[in-house]
Amino acid sequence: MTVLEISDLYVRFGEILAVRGISLTIERGQTHCLVGESGCGKSVTALATMGLLARGGVRTATRLQFQGADIAALDETAMSRLRGDKMAMIFQEPMTSLNPAYTVGSQMAEVLRRHRRLSRRAALGRAAELLARVGITAPGLRLGQFPHQLSGGLRQRVMIAMALLCDPELLIADEPTTALDVTVQAQILRLLQELQRELGLALLLITHDLGIVARMAHRVSVMYAGEIVESGPVADVFLRPTHPYTRGLLDCIPVPGKVAPGAPLGSIPGVVPRIRAGFAGCGFRDRCAQAVTDCAMGTPLQQASADHAYLCRLPREWTRDVA
Amino acid sequence: MSIAIEVIGAQKRFRGGAGLFGRAREVRAVDGVSFSLQTGGVLGIVGESGCGKSTLARMILGLMPASGGSILVDGQDLSSMDRRARARLIQPVFQDPYSSLNPRQSVEEIVGLPLAAQGDVPTAQRRARVREMLARVGLGPDHAARQPSQLSGGQRQRVAIARALVLRPRIVVCDEPTSALDVSVQAQILNLLAELRAELGLTYLFISHNLAVVEHIATEVAVMYLGRFVEQAPTADLFRAPAHPYTRALLASVLTPEPGAPIPDVGLGDTYPDPANIPSGCRFHPRCKLAQPGCALHDPAEILRDGRRVACVLAAA
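Going along each chain's sequence as written, the residues are numbered from 1 onward. A letter from A marks each chain and a number from 1 marks each ligand, given out in the order of writing. Confidence filtering applies because this is a predicted model: local features only for residues at pLDDT of at least 70, side-chain atom pairs given and counted only at 80 or more, and all residues used for totals across whole chains, interfaces and linings.

Draft legend 1. How the structure looks around the overall build of chain B. Under the DSSP-based scheme used, a helix requires at least four consecutive residues in state H or I and a strand at least two consecutive residues in state E, with every element numbered from the N terminus. Secondary structure summary: chain B contains nine helices and twelve strands in total. Taken over the C-alpha trace, chain B has a radius of gyration of 21 Å; the compact-globule value for 317 residues is 20 Å, and the two agree within 12%. For chain B, the C-alpha atoms occupy an extent of roughly 70 × 50 × 50 Å along the three principal directions. Three exposure classes are used, based on other C-beta atoms lying within 10 Å of a residue's own C-beta, which is placed from the backbone: buried for 20 or more, exposed for 12 or fewer, and partly exposed in between. Burial status across chain B gives 47% buried among its 317 residues. The contact criterion used here is simple: two residues whose C-beta atoms, placed from the backbone, lie within 7 Å are in contact. Considering only residue pairs separated by 6 or more positions, chain B has 66% of its internal contacts joining residues 24 or more positions apart. Radius of gyration here is computed from C-alpha atoms only, and the compact-globule reference equals 2.2 Å multiplied by the residue count raised to the power 0.38.

Structure follows, in structure tokens:
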């Protein structure tokens, strides 16, 4: 069952085009990873989906459906009823998304009182239940604490528990472990996988970390300069990367034992362009070793295999042949 | 081969306030670290946040006095050196090029400042050396007049590297130099640091939480836990056969990009290390799956074998 379907989403901030016609779907119980470098539009995509764009951001899409219903036309009141209820989101830095002036318990109870009209007592009971569910020992104690009294890993667990309060169908997680130590990161990612299996969550996971993508995603979409340049099942994209940017990105990351001592890492020269209205052609062509003159014209979406697409005019044999 | 840095029993203690009525707590951020690093080597220091790795870096840079122990740089005691002499020997590159560069100065002024601070380099010569250094880190003369806000993150980190190298120091302390950068830019900076080391014969102390980055750049690796080195070994040895249970847990937490591979169970439990409350005996024992009754009582002696140091009783067998 398709939980989220986005077609041809555009987001602009004045002259700047942050997202340029992306499409993706997420099925129940599946994880779709959006991966890319800073400024590629992955977070803006998440915020646009949740109706949380900053002032000045303009969203258009030919289709924006949540559980089969159109959410593009919903007004702010209707959207805010959905947010934190059936669509939930967690952010990178839990310290900035938790209110420092309220206890964990009162922040969690607030969500339930608002969306479910539960009594304070019932809300706190449910909150304690979810804290226990995300692996927090002594939930009663934590409910009475303030965010600054918790470690980073605990705060992120609280954020996850809070997102799950109303049994969401879709969880959007924007770099949920980037601020955490690697040891804690593994615990949080395992927790998300467990919860997904148990609750059938559709997870849109936004990250810059290809190691997380490889191990968490069912499908992956690689974003560059506001576009999805390659997407497919995670094994296809990692084992047969076809877009020159995806290939470059995979070559850049140090992997223990892969690069000989003293040998340089692969790198992508140049910087990401700012895409303004009227930009034409492939956004990656200035940094692409394989670019040809025609790359200044439109870029076709090609199939690398039945379920694996890439946005580049070069035939897949070409892009893959380069060592 | 000469020794570039020698650290003997370095300690750093902070007096931490514990609120209005609490007893003042003492934080032992660095709690007896000793090592020596050969000229031309790269010592990677890894560990979780709060393990004391950045404090150690700051002490070695002379930005923070040690509470105990001694630090010798190029054979001279750091505490007996004046600021200018120290700056000629050892220089930093920090994590965040957005906050470590003065936003009101031009690139030329930023990179030239260490030379100006020495006081004996004529302006014309200063200018030439700045230009030369900028070229060496891959920045053109057109970048010299710009301010940091007009540069990308990768370009800013190049400026920080040029500033660190303009005095031709022997040692560079890199504290998470690529953590704020995107992966494609990280690769450029790591390649640049490797080239510069080979070309200028530099010695690096390279602090990072990213084990894959450390594996790539370091010649040896030290694993730090609650203010101590619990294991130190040549990089290939450490990654091939980690001896300390904590090293094994850290290595297990590296997520290599293998599609479909599971998220590892690192097995460290929920207790979090607190430098204000260092456990008795082996400081790692509350999180150690292999801990034995004696581990809570006795601080393990360091075992030296085949160029590896490890502080764990299990490694003695």
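Okay, back to it.
Draft legend 2. Quick look at the nonpolar core. Core analysis: the largest hydrophobic core is formed by 190 residues, its most contacted members being L204 and V213 of chain A together with I60, L205, F206 and V223 of chain B. Among the elements that make up this core, the one with the highest residue count is helix α7 (residues 152-163) of chain A (seven residues). Setting aside chain neighbours within four positions, we find V223 of chain B in contact with V46, G47, F229, V230, E231, H244, Y246, T247 and L250 of chain B. Here a nonpolar core is just a set of buried residues of the types Ala, Val, Leu, Ile, Met, Phe, Trp, Tyr and Cys, joined wherever their C-beta atoms sit within 7 Å.

Draft legend 3. Highlighting the packing of helix α11 (residues 244-252) of chain A against helix α6 (residues 183-200) of chain B. Packing of α11 of chain A against α6 of chain B brings their axes to within 9 Å, and their N-to-C directions diverge by 50°. Between α11 of chain A and α6 of chain B, the interaxial angle falls into the category oblique. At the point where α11 of chain A passes α6 of chain B, the crossing takes the left-handed sense. Contact with α11 of chain A, carried on its side by G248, L249 and C252 of chain A, involves V183, S184 and A187 of chain B of α6 of chain B and no other residues of that element. Any residue outside Ala, Val, Leu, Ile, Met, Phe, Trp, Tyr, Cys, Pro, Asp, Glu, Lys and Arg is labelled polar, Gly included; the first ten of those are nonpolar and the last four are charged. Considered class by class, the residues forming the contact of α11 of chain A with α6 of chain B number four nonpolar, two polar and no charged. Lines are fitted to the C-alpha atoms to define the axes, a helix being fitted only along its stretch in contact, and any angle between axes, read from their N-to-C directions, falls within 0 to 180 degrees. Small angles under 35 degrees read as roughly parallel and large ones over 145 as roughly antiparallel, with 65 to 115 read as roughly perpendicular and the rest as oblique. When the near helix sits turned anticlockwise from the far one by under a right angle, the crossing is termed left-handed; a clockwise turn instead gives a right-handed crossing.

Draft legend 4. Region of interest: the sheet that holds strand β7 (residues 171-175) of chain B. All names here are of chain B. Note: two strands are recorded as paired if DSSP finds a minimum of 2 bridges between them. With mixed pairing, the eight strands of this open sheet are ordered in space as β6-β7-β8-β3-β9-β10-β12-β11. Edge positions in the sheet fall to β6 (90-93) and β11 (303-305), since each has one partner strand and no second. With strand direction ignored, the average angle separating the axes of adjacent strands in the sheet is 20°. Bridge count between strand β3 (residues 42-46) and strand β8 (residues 203-207): four bridges; the pairing is parallel. Following the sheet pairing, L43 is matched in β8 by L205. Its contacts with the sheet put helix α5 (residues 153-165) on β6 and β7, and the angle it makes with β6 is roughly 175°.

Draft legend 5. Geometry of the interface of chain A and chain B. Contacts between chain A and chain B engage 38 residues on the former and 36 residues on the latter. Those elements that place two or more of their residues in the side of chain A that touches chain B are α8 (182-199), α9 (210-216), α10 (234-239) and α11 of chain A. Here the side of chain A that touches chain B takes eight residues from α8 of chain A, the largest share from any one element.

Draft legend 6. Up close: the environment of R215 of chain A. Residues and elements named next belong to chain A. Relative to the elements of secondary structure, R215 occurs in helix α9. On the neighbour-count criterion, R215 (25 C-beta atoms within 10 Å) is buried. C-alpha separation for the pair R215 and Q193, spaced 22 residues apart in sequence, amounts to 10.0 Å.

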